[in-house]
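Architecture and fold: a report
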Amino acid sequence: MAGIPVVERTADLGTWAQEQRCAGRLVGLVPTMGALHDGHLSLVSRAAAECDVVVLTVFVNPLQFGPGEDLAAYPRALEADVEAAARSGASIAFAPPVEEMFPGEVATNVHVAGLSEVLDGRFRPTHFDGVATVVAKLFAIVGAARAYFGEKDFQQLAIVRRMAGDLSFPVEVVGCPVVRARDGLALSSRNAYLTPEERAAAPVLLRALRSGASAVAAGERSPAAVTDLVGSIVEAEPLAALDAADVVDAATLRTPAVLAGELRILVAARFGRARLIDNVGISTPP
Ligand code: PAF
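Residues numbered from 1 in each chain as written. Predicted model: local features only at pLDDT ≥ 70, side-chain atom pairs only at ≥ 80, totals over all residues. Heavy atoms only, no water.

Focus on helix α5 (residues 127-142)
Because each turn of an α-helix spans 3.6 residues, side chains separated by three or four positions end up pointing in the same direction. Here α5 spans 23 Å end to end across 16 residues, near enough to the 22 Å set by a 1.5 Å rise per residue. For α5, a buried count of 14 out of 16 residues is recorded, marking the element as mostly surrounded by other parts of the structure. Two residues or fewer past α5, Gly-143 is found with a positive phi of approximately 80 degrees. (Helix = DSSP H or I, 4+ residues; strand = E, 2+ residues; numbered from the N terminus. Expected span 1.5 Å × (residues − 1). Buried < 20%, exposed > 50% of the residue type's maximum accessible area, 1.4 Å probe, protein only.)

This is the structure we're talking about:
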């Protein structure tokens, strides 16, 4: 393995983080499920630039997978992940076995009401509770830190930020821009499921989102007009099966009656085995 320590025990990570703070160091935290790509590594690099030490966590969290989802198939590549994260500036990796994080039945569920049921929560009703619960646990283990999350999972970022505030975790949540391939496809560990044909088709998501954003920039204020446009572009791609196109207020994640202020246009679609999500931000003039 690479030249950074890899710990499996929550107590060891907690002790390490506490020692760092006692030495006056700011701790950066990058939670992941592994199978790292350049999007994850951009979080590690940013954390390394802004903090004194960085912990990368690699844990495929069973709580956030629903029945029939890809928990067993989810890509795992711990050795390569640790090496890549070390090169990007990580100081330590935390890769616990499931029994370490969840030694018994999990009786506590963290639910961020209002933000979790909308958008992807309509399709994955238990997903965001699983995310909020495991991230709360990571925040509790690490303690005071700055934690980095990608905007590709925009709803997740909003939920984690709200959860950290509501539960008074001493953690500053930092959102980081989506990292894309040259053709515009947002990087995702699930892109590994795409066949070459599906991979070639998948950039339709960003094209559709950009068309929606252009419509808003040109003065369109009807949410339905924007989502119909985005959805129709995705549906015109034969290898894509649209799950949803939405335009929401960036803070509340609710669809306003009339588009105004800071907005997020989001899309979710299936390409064969891969369910991909993407989003872009757009604001209307004041
Ligand atoms: O974004 C992810 O990889 C996961 O949802 C997270 C935040 C690591 C929680 O398991």
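What follows continues from the structure just given.
Let's talk about helix α6 (residues 154-166)
Taking 1.5 Å per residue as the helical rise, α6 with its 13 residues ought to reach 18 Å, and the 18 Å between its terminal C-alpha atoms agrees with that figure. Listed as buried for α6 are Phe-154, Gln-155, Gln-156, Leu-157, Ala-158, Ile-159, Val-160, Met-163 and Ala-164. Those residues of α6 that are buried are in contact with α5, β5 (145-150), β6 (171-176), β8 (262-271) and β9 (274-283). Once α6 ends, the next one or two residues include Ser-168, with phi positive near 55 degrees. (Contact = heavy atoms within 4.5 Å.)

Focus: the pairing of β9
Strand direction decides the pairing type here: β8 and β9, joined by 10 bridges, are antiparallel. Bridge pairing in β9 links Leu-263 to Ile-282. Two successive antiparallel strands, β8 and β9, enclose a turn made up of two residues, where Gly-272 displays a positive phi of approximately 60 degrees. (Pairing = 2+ DSSP bridges.)

Notes on the sheet that holds strand β4 (residues 92-94)
Pairing within the open sheet is parallel, and its six strands lie in the order β1-β4-β3-β2-β5-β6. One side of each edge strand has no neighbouring strand; the edge strands of this open sheet are β1 (6-7) and β6. Of the pairings in the sheet, the one linking strand β3 (residues 53-58) to β4 comprises three bridges and is parallel in character. Following the sheet pairing, Val-55 is matched in β4 by Ile-92. With respect to the sheet, helix α1 (residues 10-22) is in contact with β1, β2 (27-32), β3 and β4, its orientation differing from that of β3 by roughly 165 degrees. Against the sheet, α6 makes contact with β5 and β6, and its axis sits at roughly 165 degrees relative to β6, the strand it touches most. (Axes fitted to C-alpha atoms, helices over the stretch in contact; angles between N-to-C directions.)

Observations concerning the pattern of salt bridges
The tally for this structure, following the rule as stated, stands at 15 salt bridges. The partner of Asp-243 in a salt bridge is Arg-270, with the nearest N and O atoms 2.9 Å apart. You can see Asp-243 sitting in strand β7 (residues 241-249) and its partner Arg-270 sitting in strand β8, a full 27 residues away along the chain. Overall, Arg-270 belongs to the partly exposed group, its relative accessible area being 35%. A single network of salt bridges, built from pairs that share partners, joins Arg-46, Glu-50, Arg-146 and Glu-172. (Salt bridge = Lys/Arg side-chain N within 4 Å of Asp/Glu carboxyl O.)

Focus: the environment of Val-55
For Val-55, the location among the structural elements is in strand β3. Val-55 sits 203 residues away from Val-258 along the chain, and the two C-alpha atoms are 42 Å apart.

With respect to the site of the ligand
Around the ligand, a shell composed of Pro-31, Thr-32, Met-33, Asn-61, Gln-64, Val-131, Val-134, Phe-149 and Gln-156 is seen. In the environment of the ligand, an oxygen atom lies 2.6 Å from a nitrogen or oxygen atom belonging to the side chain of Gln-64. The separation between an oxygen atom of the ligand and a polar side-chain atom of Gln-156 is 2.6 Å. Expressed as a share of its isolated accessible area of 290 Å², the protein-covered part of the ligand is 90%. Taken together, the elements giving at least two residues each to the shell around the ligand come down to β2 and α5. (Near = heavy atom within 4 Å. Polar contact = N/O pair within 3.5 Å; in protein donor to acceptor, adjacent residues only side chain to side chain. Areas by Shrake-Rupley, 256 points an atom, 1.4 Å probe, with all protein chains shown as cover.)

Some points on the packing of aromatic side chains
With the rule as written, the count across this model stands at four aromatic pairs. A ring pair is formed by Phe-59 and Phe-102, whose centres lie 6.0 Å apart and whose planes are at 50 degrees; its orientation type is tilted. Here Phe-102 lies in the loop between α4 (98-101) and α5 and Phe-59 lies in the loop between β3 and α3 (78-87), a separation of 43 residues in the sequence. In this structure an aromatic cluster arises from ring pairing among Phe-139, Phe-149 and Phe-169. Sitting over the face of the ring of Tyr-193, Arg-273 holds its NZ or CZ atom 4.3 Å from the ring centroid. Stacked on the ring of Phe-123, the Lys or Arg Arg-275 has its end atom at 5.3 Å from the ring centre. (Phe/Tyr/Trp six-rings, centres within 6.5 Å; stacked < 30°, edge-to-face > 60°. Lys NZ or Arg CZ within 6 Å of the ring centre and 35° of its normal.)

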